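Summary of structural features
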Amino acid sequence: MPSELVKCVVWDLDDTVWEGVLSEGSGVKLRPGVRELIDTLDQRGILQSVASKNDEKAALAELERLGIRHYFLVPHVSWQPKSSLVESIAKSLNIGLDTVMFVDDSAFERAEVEFVHPQVRCVDAAETADLLDRPELTRPVTEDGRARRTLYLQAEERNEYEKSFAGPQVEFLRSLQMRLTVAVATPEDLERAAELTERTHQLNTTGLTFSRAELRELMDRPDQTLLVARLTDRFGSYGTIGLTLVGKTAEEWRIRLFLMSCRVMGRNVGGAILRYLAQSAEAEQVRLTADFKPTDVNKSMYTVYRLAGFKKTAAEGPAQVLEMASGLPHTYPDYLALSLPAPSDKR
C-alpha cells in the first residue's frame with residue numbers, strides 16, 4: 001500500500017515536461033502550465049527528478065535552456081527501462097518507492113513501471129491539470145519544505161566531502177563543526193512537527209502520527225513536553241530533524257515518540273538527545289522510560305536506545321517498554337556543539 005504522502009515526483013520529458021520529442025530535432029517547448037506546476041511542487045517541499053529515454057547531454061542542456069534544470073535532483077537520462085531509472089532515483093534520494101509518483105505520457109512506460117513497482121503512483125501526463133489538488137501532494141508550505149531541495153543538495157556536498165576525507169570517522173565528524181539545538185516546541189514549529197510524524201518511518205520509535213491540531217493540544221498540556229531538534233554544520237542547516245514527545249508524571253517520564261530524519265544518520269544526534277533527557281530526568285529524580293514499537297524498518301532506533309543505556313522491562317502492552325539504567329555517565333560527543341533547554345524546563 002503506498003504511503004499517504006508523495007515525497008518525489010519523477011517526470012518523463014518528451015511530450016510530458018515539454019511538447020515534442022527532443023531527438024527528432026524539431027525543437028521543443030514547455031507544456032502549458034508545467035513550469036508553474038513544477039515550481040509549486042518545489043515550494044511545497046516535494047522533490048522532483050527526471051526519468052527519460054534520451055541522450056543525457058542533450059536532455060540536460062535542454063532543461064538548462066528552458067530554465068528548469070535546477071528543480072530536478074539526480075536526473076536519470078538513459079535507455080534503460082523506466083522502472084530501473086525510477087528505482088535508482090528513489091535509492092539515490094533514500095526514499096521509499098511507495099512515496100514516488102511517476103508522470104509519463106506513454107501508457108507503455110507507465111504500465112512497465114506499474115508492473116515492476118506496483119507501489120509507485122503512475123500518472124498520465126495528460127491528467128496533470130489537477131495534480132496540485134491531489135491529497136498526497138497537498139500539504140502546508142513550511143520553511144523546511146521550501147528549503148528541502150537545498151537540503152538535499154547540501155547533503156550531496158557532505159557525501160562528496162566524506163568520500164574525499166582522509167582520516168578516522170570521528171575526525172570527519174569533528175571537521176563538520178556540527179551544532180545541535182534542542183528546544184521546547186512553539187506554535188511556529190507545529191506544521192513541520194506534524195509533517196515529520198507523517199514522513200518519518202525508518203527512524204521512528206513508535207510510528208505515531210499527529211496533526212497540527214493534535215500537537216497543539218499536547219503542547220498545551222502540563223503533563224506533556226514536545227521537543228524539536230535542529231542541526232547545522234559547515235555546509236549549512238539540516239533543518240528541523242528531530243521530534244520527541246515526553247509524557248510526565250511525578251514518578252516517571254515516558255518517551256511516547258522519538259523520531260529523527262534520515263539526514264542525520266551516523267551523527268549520534270539521537271544519542272545526544274537521549275542523554276539530555278536522561279540527565280534532565282535524573283535532576284528531577286524521576287524514572288526515564290520509553291515506548292518502542294518494532295516495525296520492519298525502525299530497528300536502528302532500537303539500537304540507539306540500547307546504546308544510550310535503555311533496557312527492556314517486563315511491562316506488557318501494544319509497545320515494548322524500555323527503561324534507562326541508573327548511574328550511567330551523561331557524556332556527549334565532543335564533535336557536537338550543543339544548545340539545550342534547562343533540565344527544569346517543563347513546557
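See above for the structure.
Just so it is clear, the model here is predicted, and its values are computed rather than measured.

**Examining the sheet that holds strand E12 (residues 287-292)**
With mixed pairing, eight strands are arranged side by side in an open sheet as E13-E14-E12-E11-E10-E9-E8-E15. Strand pairing shows two members of the sheet lacking a second neighbour, strand E13 (310-312) and strand E15 (336-339), which therefore form its edges. If you compare each strand with its neighbour and ignore which way they point, the axes differ by 30° on average. Relative to E15, strand E8 (residues 178-184) is paired through four bridges, and the arrangement is parallel. Within E15, the position partnered with Arg 179 by the bridge is Ala 337. Sheet strands touched by helix H10 (residues 269-284): E8, strand E9 (224-233), strand E10 (236-248), strand E11 (252-260), E12, E13, strand E14 (320-324) and E15. Its angle to E11, the strand with the most contacts, is close to 165°.

**Quick notes on the nonpolar core**
If you look at soluble globular proteins, the nonpolar side chains tend to sit buried side by side. Ile 255 and Phe 310 are the most contacted members of the largest nonpolar core, which totals 40 residues. At eight residues, the largest contribution of residues to this core is made by H10. Residues within four places of Phe 310 in sequence aside, it is in contact with Ile 255, Leu 274, Leu 288, Thr 289, Ala 290, Tyr 305, Leu 322, Glu 323 and Met 324. Counting 29 residues, the second-largest nonpolar core is a separate cluster that includes Val 6, Leu 30, Val 50 and Leu 63.

**Regarding unusual backbone geometry**
Despite not being glycine, Asp 15 shows a phi value in the positive range, around 60°. With respect to the helices and strands, the residue Asp 15 is situated in the loop between strand E1 (8-11) and strand E2 (18-19). Residue classification places Asp 15 among the partly exposed positions, given a relative accessible area of 35%. Its identity is not glycine, yet Asn 268 carries a phi of approximately 65°, on the positive side. Relative to the elements of secondary structure, Asn 268 occurs in the loop between E11 and H10.

**Examining the sheet that holds strand E4 (residues 47-52)**
Spatially, the five strands line up as an open sheet ordered E5-E4-E1-E6-E7, and their pairing is parallel. Looking at strand neighbours, the two that pair on one side only are strand E5 (76-77) and strand E7 (121-124), the edges of this open sheet. Sheet analysis places strand E6 (residues 100-104) next to E7, joined by four bridges and oriented parallel. Each residue of the ladder has a partner; that of Met 101, found in E7, is Arg 121.

**Digging into the pattern of salt bridges**
A full pass over the atoms with the stated rule returns 22 salt bridges. A salt bridge links Glu 136 to Arg 121; the nearest nitrogen and oxygen atoms lie 3.7 Å apart. Of this pair, Glu 136 sits in the loop between E7 and helix H5 (143-146) while Arg 121 sits in strand E7; the two residues are 15 residues apart in sequence, bridging distant segments of the chain. Summarising the burial analysis for this pair, Glu 136 and Arg 121 share the class buried. Across the pair Asp 291 and Arg 254 runs a salt bridge whose closest N-O atoms are separated by 2.9 Å. Here Arg 254 lies in strand E11 and Asp 291 lies in strand E12, a separation of 37 residues in the sequence. A residue is classified by how much of its surface remains accessible, and Asp 291, at 17% relative accessible area, is buried. What you see here is one network of salt bridges that share partners, running through Glu 252, Arg 254, Arg 287, Asp 291 and Glu 323.

**A look at the packing of aromatic side chains**
Within the structure shown, the criterion is met by eight aromatic pairs. Ring-pair connections join several aromatic residues into one group, and the members of that group are Phe 258, Phe 292, Tyr 302, Tyr 305 and Phe 310. Sitting over the face of the ring of Tyr 238, Arg 158 holds its NZ or CZ atom 3.7 Å from the ring centroid. A cation over an aromatic ring shows up here: Arg 234 above the ring of Tyr 161, its NZ or CZ 4.8 Å from the ring centre.

**Details of the packing of helix H8 (residues 190-199) against helix H9 (residues 212-219)**
Between H8 and H9, whose axes approach to 9 Å, the crossing angle comes to 115°. Regarding the angle of H8 to H9, the classification is roughly perpendicular. Taken as a pair, H8 and H9 cross one another with a handedness that is right-handed. Taken together, the residues of H9 that come into contact with H8 (itself represented by Leu 190, Glu 191, Ala 193 and Ala 194) are Arg 212, Leu 215, Arg 216 and Met 219. In the contact of H8 with H9, the residues fall into five nonpolar, no polar and three charged.

**Examining the environment of Arg 287**
Mapped onto the elements of the fold, Arg 287 is located in strand E12. Distance from Arg 287 to Thr 249, taken between C-alpha atoms, is 9.6 Å for residues 38 residues apart in sequence. Within the structure, Arg 287 has its side chain in polar contact with the side chain of Glu 323 (distance 3.0 Å).

Cut-offs and rules
Residues numbered from 1 in each chain as written. Predicted model: local features only at pLDDT ≥ 70, side-chain atom pairs only at ≥ 80, totals over all residues. Heavy atoms only, no water. Pairing = 2+ DSSP bridges. Helix = DSSP H or I, 4+ residues; strand = E, 2+ residues; numbered from the N terminus. Axes fitted to C-alpha atoms, helices over the stretch in contact; angles between N-to-C directions. Contact = heavy atoms within 4.5 Å. Core = buried A, V, L, I, M, F, W, Y, C linked by side-chain atoms within 4.5 Å. Buried < 20%, exposed > 50% of the residue type's maximum accessible area, 1.4 Å probe, protein only. Salt bridge = Lys/Arg side-chain N within 4 Å of Asp/Glu carboxyl O. Phe/Tyr/Trp six-rings, centres within 6.5 Å; stacked < 30°, edge-to-face > 60°. Lys NZ or Arg CZ within 6 Å of the ring centre and 35° of its normal. Parallel < 35°, antiparallel > 145°, perpendicular 65-115°, else oblique. Left-handed = near helix turned anticlockwise from the far one by under 90°. Nonpolar A, V, L, I, M, F, W, Y, C, P; charged D, E, K, R; others polar. Polar contact = N/O pair within 3.5 Å; in protein donor to acceptor, adjacent residues only side chain to side chain.

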